[in-house]
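Coordinates in review
The primary structure of each chain is shown beneath.
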Amino acid sequence: MSLINKEVSDFTAKAFHNNGFITVTKEDLLGKWSVFFFYPADFTFVCPTELADLESFYEEFKKIGCEIYSVSCDTEFVHKAWHDHSPLIKDITYPMMADPTHALARDFEVLIEDAGVAERGTFIINPEGQIVSYEVNAGNVGRNAEELLRKVQACQFVREHGDEVCPARWTPGAKTLKPGIDLVGTL
C-alpha cells in the first residue's frame, strides 16, 4: 500500500541538535518542507557516509525551506556519543532524531522488526504534513543527498505549479511539461 499523501501521525521524539537535546513533534513539520532520513544504526558503516553527504547539502535544503531530520532507532544519547567520536558525524548540524520505541519507524513502515532497526527510508513531507515522495533502499546501498535535494525542489515546483510536471533529471529553471492531449505520443 502506498504512503503517498499519508499524513504523518502525531509524534514526540527526542533529538540531538546543536550539542543539546531537543524535542521534535509533528507541529514542527507543519508550514514547511521536511525530510525524514531513516537509517539503520549509529556507529555503523554506510550510515555515516550518508549523513555526512546530507550535511554537505544541508545549507541548500535550508535555502529552499526544508528541514532535515535523520532518524534511527538509537537514543539521543547514542546520537551524541556518535557525534562526539565519529570524524564524519561530528560536523552534523541538522537534528538527529531518536526512535528507541520504534514508533516512527513503524508509522513510516520501515522497521525491520527482527533486527529492531530501520530500513534506509527517505521521506519528503510537504507543509501540510503529508508524505509526497519516498524511497526505501537495501541496507547495503547508500543514498545521494544531491538527488534528494533535486526531488524536494521538484515536489515544491509541482505543488506551486499544479498544472505542470517535472520530467526525468529536471532541475530548477529547466523545462517542465504541461500534460494534455497535445503531448500524447509526442514524447
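Let me begin by describing the structure that accompanies this report. Note that the structure is predicted; figures quoted are calculated from it, not measured.

Some details on the overall build of the protein
- Across its full length, the protein holds five helices and nine strands.
- When the elements of the protein are put in sequence order from the N terminus, they spell out β-β-β-α-α-β-α-β-α-β-β-β-β-α.
- Taken over C-alpha atoms, the radius of gyration comes to 17 Å for the protein, in line with the 16 Å a tight globule of 187 residues would show.
- Principal axes of the C-alpha set define a box for the protein whose edges measure 55 × 30 × 30 Å.
- The burial tally for the protein puts 45% of its 187 residues in the buried class.
- With 17 positive and 29 negative side-chain charges, the protein shows a separation of 3 Å between the mean positions of the two kinds.

What to know about the nonpolar core
- Counting 24 residues, the largest nonpolar core has Val35, Leu51, Leu54, Phe61, Met96 and Leu148 as the members making the most contacts within it.
- Elements with a contribution of two residues or more to this core: strand E3 (33-38), helix H1 (46-56), helix H2 (58-63), strand E4 (66-72) and helix H5 (145-160).
- Residue contributions to this core peak at five residues, all from H5.
- Setting aside anything within four residues of it in sequence, one finds Leu54 in contact with Phe37, Phe61, Ile68, Tyr94, Ala145 and Leu148.
- The next biggest cluster of nonpolar side chains, apart from the first, holds 22 residues, and it includes Leu3, Ala15, Ala105 and Leu111.

What to know about the pattern of salt bridges
- With the rule as written, the count across this model stands at 13 salt bridges.
- The salt bridge involving Lys63 is made with Glu60; its shortest N-O contact spans 3.3 Å. One end of the pair, Lys63, and the other, Glu60, are both in helix H2, three residues apart, so they sit about a helical turn from each other.
- The class for Lys63 is exposed, based on a relative accessible area of 64%.
- Between Arg150 and Glu147 there is a salt bridge whose closest N-O contact spans 2.8 Å. Placement of both Arg150 and Glu147 in helix H5 is noted, with a separation of three residues, approximately one turn of the helix.

So, the pairing of strand E9 (residues 131-137)
- When strand E8 (residues 120-125) meets E9, the two strands line up antiparallel, connected through six bridges. Residue Arg120 lies in a different strand from E9, and its bridge partner there is Asn137.
- Counting the residues in the hairpin turn of E8 and E9 gives five residues, including Gly129, whose phi is positive at 85°.

A short note on the packing of aromatic side chains
- Per the stated rule, a full pass over the model turns up 14 aromatic pairs.
- Centroid distance Phe21 to Phe77: 5.2 Å. Interplanar angle 70°. Geometry classified as edge-to-face. One end of the pair, Phe21, is in strand E2 (residues 20-25); the other, Phe77, is in helix H3 (residues 76-85), and 56 residues separate them in sequence.
- Classification of Phe21 as partly exposed rests on a relative accessible area of 42%.

Brief notes about the side chain of Asn137
- Along the polypeptide, Asn137 turns up in strand E9.
- Discounting residues that sit within four places of it in the chain, Asn137 has contacts with Glu119, Arg120, Gly142 and Arg143.

Examining the pairing of E3
- With six of six residues buried, E3 is to be regarded as a mostly interior element.
- Here E3 shows a buried face lined by Trp33, Val35 and Phe37 and a second buried face lined by Ser34, Phe36 and Phe38.
- Pairing of E3 with E8, which is carried by four bridges, proceeds in the antiparallel orientation. Paired with Phe37 across the strands is Thr122, a residue of E8.

What counts and how
- Along each chain, residues carry numbers from 1 onward, in the same order as the chain's sequence is written.
- Side-chain atom pairs in this predicted model are given and counted only at pLDDT of 80 or more, local residue features only at pLDDT of at least 70, and totals for whole chains, interfaces and linings cover all residues.
- Side-chain numbers here rest on the full set of heavy atoms in the structure, without hydrogens or water.
- The helix count covers DSSP runs of H or I at least four residues long, the strand count covers runs of E at least two residues long, and both are numbered beginning at the N terminus.
- Radius of gyration here uses only the C-alpha atoms, and the compact-globule reference equals 2.2 Å multiplied by the residue count raised to the power 0.38.
- Any residue under 20% of the maximum accessible area for its type is buried, any over 50% is exposed, and the rest in between are partly exposed; the area is computed with a 1.4 Å probe on protein chains only.
- We treat Lys and Arg as the positive residues and Asp and Glu as the negative residues; His and chain ends play no part in the count.
- Note on charges: their place is set at NZ of Lys, CZ of Arg, CG of Asp or CD of Glu.
- The set of buried Ala, Val, Leu, Ile, Met, Phe, Trp, Tyr and Cys residues whose side-chain atoms join them within 4.5 Å is what this entry labels a nonpolar core.
- Every residue pair with non-hydrogen atoms within 4.5 Å of one another is taken to be in contact.
- Salt bridge, as applied in this entry: a Lys or Arg side-chain nitrogen positioned within 4 Å of an Asp or Glu carboxyl oxygen.
- Any two strands between which DSSP finds at least two bridges are classified as paired.
- Aromatic rings from Phe, Tyr and Trp, with only the six-membered ring used for Trp, were paired whenever their centres fell within 6.5 Å, and each pair was classed as stacked if the ring planes differed by under 30 degrees, edge-to-face if by over 60, and tilted otherwise.

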